[in-house]
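Chain by chain, the residues run as shown.
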Amino acid sequence: VLDLGCGEGKLIRELLRDRRFEEILGVDVSVRGLEVAARRLKPERLPDAPAGRVKLVHGSLTYRDKRFGGFDAA
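Draft legend 1. Representation of the overall build of the chain. Secondary structure summary: the chain contains two helices and three strands in total. Reading the helices (α) and strands (β) of the chain from amino to carboxyl end gives β-α-β-α-β. In the chain, which comprises 74 residues, the proportion classed as buried is 34%. Residue pairs in contact within the chain that sit at least 24 positions apart in sequence constitute 64% of those at least 6 positions apart. Looking at the chain as shown, the accessible area adds up to about 5,200 Å², and 51% of this sits on carbon and sulfur atoms.

Now the structure itself:
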């Protein structure tokens, strides 16, 4: 799942509870928002959320980005 405009990671946190989502990429234009999301989404704080399922990147939907390819849902 590609979370465009992930902000502080609230949706990502919910998605992590469902093991069917094997890979979640959070994208946001705000570096500050990504920093907050990184603190909130630490694997040791989330039950049953193995490291490596989530990646946070700085980016924007308005630009082509190869990192956004291959996802089933956005």
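Right, picking up where we left off after that structure.
Draft legend 2. The arrangement of the pattern of salt bridges in detail. For the structure on display, the rule yields four salt bridges. Its salt-bridge partner being R17, residue E14 comes within 2.9 Å of it at the nearest N-O pair. On the basis of relative accessible area, R17 is assigned to the exposed category, the value being 57%. With a closest N to O distance of 2.5 Å, R20 and D18 form a salt bridge.

Draft legend 3. How the structure looks around the environment of K55. In this fold, K55 is placed in strand β3 (residues 54–58). Separated by 30 residues in the primary sequence, K55 and L25 place their C-alpha atoms 5.0 Å from one another. Not counting the four nearest positions on each side in its chain, K55 is found in contact with I24, L25 and G26.

Draft legend 4. Just the environment of D28, in detail. Tracing the sequence through the fold places D28 in strand β2 (residues 24–28). Other than its neighbours up to four places away in sequence, D28 contacts G5, C6, G7, L34, V57, H58 and G59. Of note is the side chain of D28, whose polar atom sits 2.6 Å from the backbone nitrogen of G7.

Rules used throughout
- Residues numbered from 1 in each chain as written.
- Predicted model: local features only at pLDDT ≥ 70, side-chain atom pairs only at ≥ 80, totals over all residues.
- Heavy atoms only, no water.
- Helix = DSSP H or I, 4+ residues; strand = E, 2+ residues; numbered from the N terminus.
- Buried < 20%, exposed > 50% of the residue type's maximum accessible area, 1.4 Å probe, protein only.
- Contact = heavy atoms within 4.5 Å.
- Areas by Shrake-Rupley, 256 points an atom, 1.4 Å probe, with all protein chains shown as cover.
- Salt bridge = Lys/Arg side-chain N within 4 Å of Asp/Glu carboxyl O.
- Polar contact = N/O pair within 3.5 Å; in protein donor to acceptor, adjacent residues only side chain to side chain.

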